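Observations on the three-dimensional arrangement
The primary structure of each chain is shown beneath.
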Amino acid sequence: MDQEKKTPKEQSPQQAGMTPFIDLPTRYDRWEPIAEVIATLVLALATIATAWSGKQAARWGGEQSASYSQAGALRTESVRASNQAGQMVQIDIGLFTNWVNAYAGDDTRLSNFYENRFRDEFKPAFNAWLATDPVNNPDAPSSPFSMPEYSIALAEEAEILENQAGDTFASGQQANEIGDKYILNTVILASVMFLGGIASRFKAMAARWVIIIASLAILVFGLYNILTYPIQ
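Fair warning: this is a prediction, and the values are worked out from it, not measured in the lab.

Scanning the protein from N- to C-terminus turns up five helices and zero strands. Its helices and strands taken in sequence order, the protein reads α-α-α-α-α from the N to the C terminus. Buried positions account for 28% of the 232 residues belonging to the protein. Nonlocal contacts in the protein, meaning residues at least 24 apart in sequence, comprise 75% of its contacts between residues at least 6 apart. Summed over all atoms, the accessible surface of the protein reaches about 15,300 Å², with 59% contributed by carbon and sulfur.

In this structure, aspartate 106 takes a positive phi of about 55° despite not being glycine. Mapped onto the secondary structure, aspartate 106 falls in the loop between helix H1 (27-104) and helix H2 (108-116). Judged by its relative accessible area of 69%, aspartate 106 falls in the exposed class. In the Ramachandran plot, aspartate 133 falls in the positive-phi region, its phi being about 55° despite a non-glycine side chain. Residue classification places aspartate 133 among the partly exposed residues on the basis of a relative accessible area of 34%.

This part takes up the pattern of salt bridges. Following the criterion strictly, the structure yields five salt bridges and no others. Arginine 80 is the partner of glutamate 77 in a salt bridge, and the nearest nitrogen-oxygen pair spans 3.4 Å. On the criterion of helical spacing, the pair formed by glutamate 77 and arginine 80 is a turn pair, its members being three residues apart in helix H1. Look at arginine 80 and you get partly exposed, because its relative accessible area is 45%. For arginine 119, the salt bridge is made with glutamate 121, and the minimal N-O distance between the two is 2.8 Å. Residue arginine 119 is classed as buried on the basis of its relative accessible area, which comes to 16%. Under the relative-accessibility criterion, glutamate 121 is labelled partly exposed at 26%.

Glancing now at the packing of helix H4 (residues 153-199) against helix H5 (residues 205-228). Between H4 and H5, the shortest axis-to-axis distance is 9 Å and the interhelical angle comes to 160°. Between H4 and H5, the angle is such that the two are roughly antiparallel. Between H4 and H5 lies a crossing whose hand is left-handed. Residues Tyr182, Asn185, Ile188, Leu189, Ser191, Val192, Leu195, Gly196 and Ala199 of H4 form the contact with H5, whose own contacting residues are Arg208, Ile211, Ile212, Ser215, Ile218, Leu219, Phe221, Gly222, Asn225 and Ile226.

If you check H5, its first and last C-alpha atoms are 34 Å apart, about what 24 residues at 1.5 Å a residue would give, namely 34 Å. If you check which residues of H5 are buried, you get Met205, Arg208, Ile211, Ile212, Ser215, Leu219, Gly222, Asn225 and Ile226.

In the predicted model, the protein carries a mean pLDDT of 84, and 84% of its residues have values of at least 70. Across the protein, the secondary-structure element scoring lowest on mean pLDDT is H5, at 86, and the one scoring highest is helix H3 (residues 123-131), at 93. Note that residues 21-26 has pLDDT below 50 and, in this model, one contact with residues that lie over four places away or in other chains.

Further remarks concern the environment of proline 144. The topology assignment puts proline 144 in the loop between H3 and H4. With 16 residues separating them in the primary sequence, proline 144 and alanine 128 have C-alpha atoms 7.6 Å apart. In this view, proline 144 contacts Phe96, Phe122, Ala125, Phe126, Trp129 and Tyr150; residues no more than four positions away in its chain are not counted.

Analysis parameters
Residues numbered from 1 in each chain as written. Predicted model: local features only at pLDDT ≥ 70, side-chain atom pairs only at ≥ 80, totals over all residues. Heavy atoms only, no water. Helix = DSSP H or I, 4+ residues; strand = E, 2+ residues; numbered from the N terminus. Buried < 20%, exposed > 50% of the residue type's maximum accessible area, 1.4 Å probe, protein only. Contact = heavy atoms within 4.5 Å. Areas by Shrake-Rupley, 256 points an atom, 1.4 Å probe, with all protein chains shown as cover. Salt bridge = Lys/Arg side-chain N within 4 Å of Asp/Glu carboxyl O. Axes fitted to C-alpha atoms, helices over the stretch in contact; angles between N-to-C directions. Parallel < 35°, antiparallel > 145°, perpendicular 65-115°, else oblique. Left-handed = near helix turned anticlockwise from the far one by under 90°. Expected span 1.5 Å × (residues − 1). pLDDT = per-residue confidence, 0-100.

Below, the structure is given as structure tokens:
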């Protein structure tokens, strides 16, 4: 029995004289491995940079606490020195007042008694005041306390400690600001990890590339911040 002749629809591509169809990868498929490599690198760098920013934020936070504690201790010492200086001033005022009363009463013995008990810091100012002839000179300073020679070491120490406390507190505030910057940078880098993690969930390569490029741009910004911020 003769074999029935096949219609063109029933013939294979080779029998019909047609070139067989070859399933070539699309243009996006060829770029997919590259996208995966870039996304992996972005995630790796973002992870390292996030850890570094977190570490720096913690260190600057510790620096802040230490500076604030040191500033508090310096202020305490400043107040203590200031109080002691005030006590020295009261001693000087008391002895000088008694000396004036004895001098006004022409009691040389008693005035010498008080003068011999003047503190060493008070004597230069007292002698300089006497040299102005305050009894006969109306332009003379009213008391030794108005003389530039009058100074108390404890008062100067209190001022120095207060200035140091102010500078240390300012350093703590600066450390706080830097720590806040590192914390913000940690959040920025965490968004890079989030974008890099969801990039592979998009089947459309166009959308995947958009996310990868965005995460890469944010990563560069975060790395720039790390390079420009102070390191503790």
